[in-house]
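Structural characterization, general
Okay, here's what each chain looks like letter by letter:
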Amino acid sequence: MHIPAYMRSTSPVPVAIGATICALTFSFVLFPLISGPLAAHVDPDRFAELGENLAGGKGFVYGSDGTYVTAFDRAPVYPLLLMILSWLIGAHLIPGVQVMQAVFHGLTGIVLFRIGLEMMEHRTARLAQIVHAVHPVMLWYTARIWMETTSTLLVMLVILMFLRVQKQGSIRQIVTAGSALALAALTKSVVLLLPFLLVVYA
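Notes on the structure in this doc start here.

**Things to note about the packing of helix 8 (residues 148-167) against helix 10 (residues 194-201)**
- As a packed pair, helix 8 and helix 10 sit with axes 12 Å apart at the nearest point and diverge in direction by 30 degrees. Viewed along their axes, helix 8 and helix 10 form a crossing whose handedness is right-handed. Side by side, helix 8 and helix 10 meet where Val155, Val158, Phe162, Leu163 and Gln166 of the first sit next to Leu194, Leu198 and Tyr201 of the second.
- Taken together, the residues of the contact of helix 8 with helix 10 break down into seven nonpolar, one polar and no charged.

**With respect to the packing of aromatic side chains**
- With the rule as written, the count across this model stands at five aromatic pairs.
- Aromatic side chains Phe47 and Tyr78 sit 5.0 Å apart centroid to centroid with 85 degrees between the ring planes, which places their arrangement in the edge-to-face category. Here the residue Phe47 occupies a position in helix 3 (residues 47-55), and Tyr78 occupies one in helix 4 (residues 77-89), the gap between them amounting to 31 residues. Residues Phe47 and Tyr78 agree in their burial class; the two are buried.
- Put simply, the rings of Phe26, Phe31 and Trp140 pair up and form one aromatic cluster.

**Considering the environment of Tyr62**
- Tracing the backbone through its elements, the reader meets Tyr62 in strand 1 (residues 61-64).
- With 17 residues separating them along the chain, Tyr62 and Pro79 place their C-alpha atoms 11 Å apart.
- Not counting residues within four places of it along the chain, the set of residues in contact with Tyr62 comprises Asp45, Arg46, Glu49, Leu50, Asn53, Thr67, Tyr68, Val69, Ala71, Asp73 and Arg74.
- Within the structure, the side chain of Tyr62 is placed 2.9 Å from the side chain of Asp73, a separation counted as a polar contact.

Here is what the cut-offs are and how they apply
- Residue numbers run consecutively from 1 along every chain, following the written order of its sequence.
- Only residues with pLDDT of 70 or above have their local features reported here, since the model is predicted, and side-chain atom pairs are shown and tallied only from 80 upward, although totals for entire chains, interfaces and linings are computed over all residues.
- Derived side-chain values reflect all non-hydrogen atoms in the structure, with water molecules and hydrogen atoms excluded from consideration.
- Only the stretch in contact is used when a helix axis is fitted, and all axes are lines through C-alpha atoms; the angle between N-to-C directions ranges over 0 to 180 degrees.
- Secondary structure elements follow DSSP: runs of H or I no shorter than four residues count as helices, runs of E no shorter than two count as strands, and numbering proceeds from the N terminus.
- Should the near helix be turned counterclockwise from the far one by less than a right angle, the crossing is left-handed, whereas a clockwise turn marks it as right-handed.
- What makes two residues a contact is simply this: any of their non-hydrogen atoms within 4.5 Å.
- Amino acids outside the nonpolar list (Ala, Val, Leu, Ile, Met, Phe, Trp, Tyr, Cys, Pro) and the charged list (Asp, Glu, Lys, Arg) are all regarded as polar, and Gly is one of them.
- Here the aromatic set is Phe, Tyr and Trp, taking the six-membered ring for Trp, and pairing holds for ring centres within 6.5 Å; pairs whose planes are under 30 degrees apart are stacked, those over 60 apart are edge-to-face, and all others are tilted.
- Partly exposed describes any residue whose relative accessible area lies between the buried limit of under 20% and the exposed limit of over 50%, with all areas from a 1.4 Å probe on protein chains only and scaled to the type maximum.
- Polar contacts, as used here, are pairs of N or O atoms within 3.5 Å; protein pairs need one atom able to donate a hydrogen and one able to accept it. Residues neighboring in sequence count only if both atoms are side-chain atoms.

Printed below as a string of structure tokens:
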């Protein structure tokens, strides 16, 4: 059976570029068309507000015009990422976040491909990356100011690092895996359960 060249390629980069283009197209072309009928606000959890307030030196708070409420309900990594982005690009934060998340979507596919190579045959790893690139739910998250695209990338990195620790177990890989796990847990607290699952897997 003939296998297309993109399925035989050992590089995850072309599919990752395609995934990024898909996410950008969804964010800037399709999402504006469907957000109104679906009543889908681009920033329902007010993360952009948090990032801008952090960048402006107002603290880890919601609000504007002198009325602020501390954001006890949010993990810090994603708002801090938006703070850095706000410093870099200024007033155009939401489009900037959508571009960043499109890039993260592509990078997640690369990490997923690497995980696939650790656990299964090349063709299956490539197929997993392609499915991720065009998966509607994954694309849906890239258009909105939600932490899921960032947390997915970090969780995939955690899994890849722990697979490599299991195979080789160098100090450097252990430190990298632990650092990735800490960042993922500080992005979305549900990741704190992941080490228990990894222990069971090991």
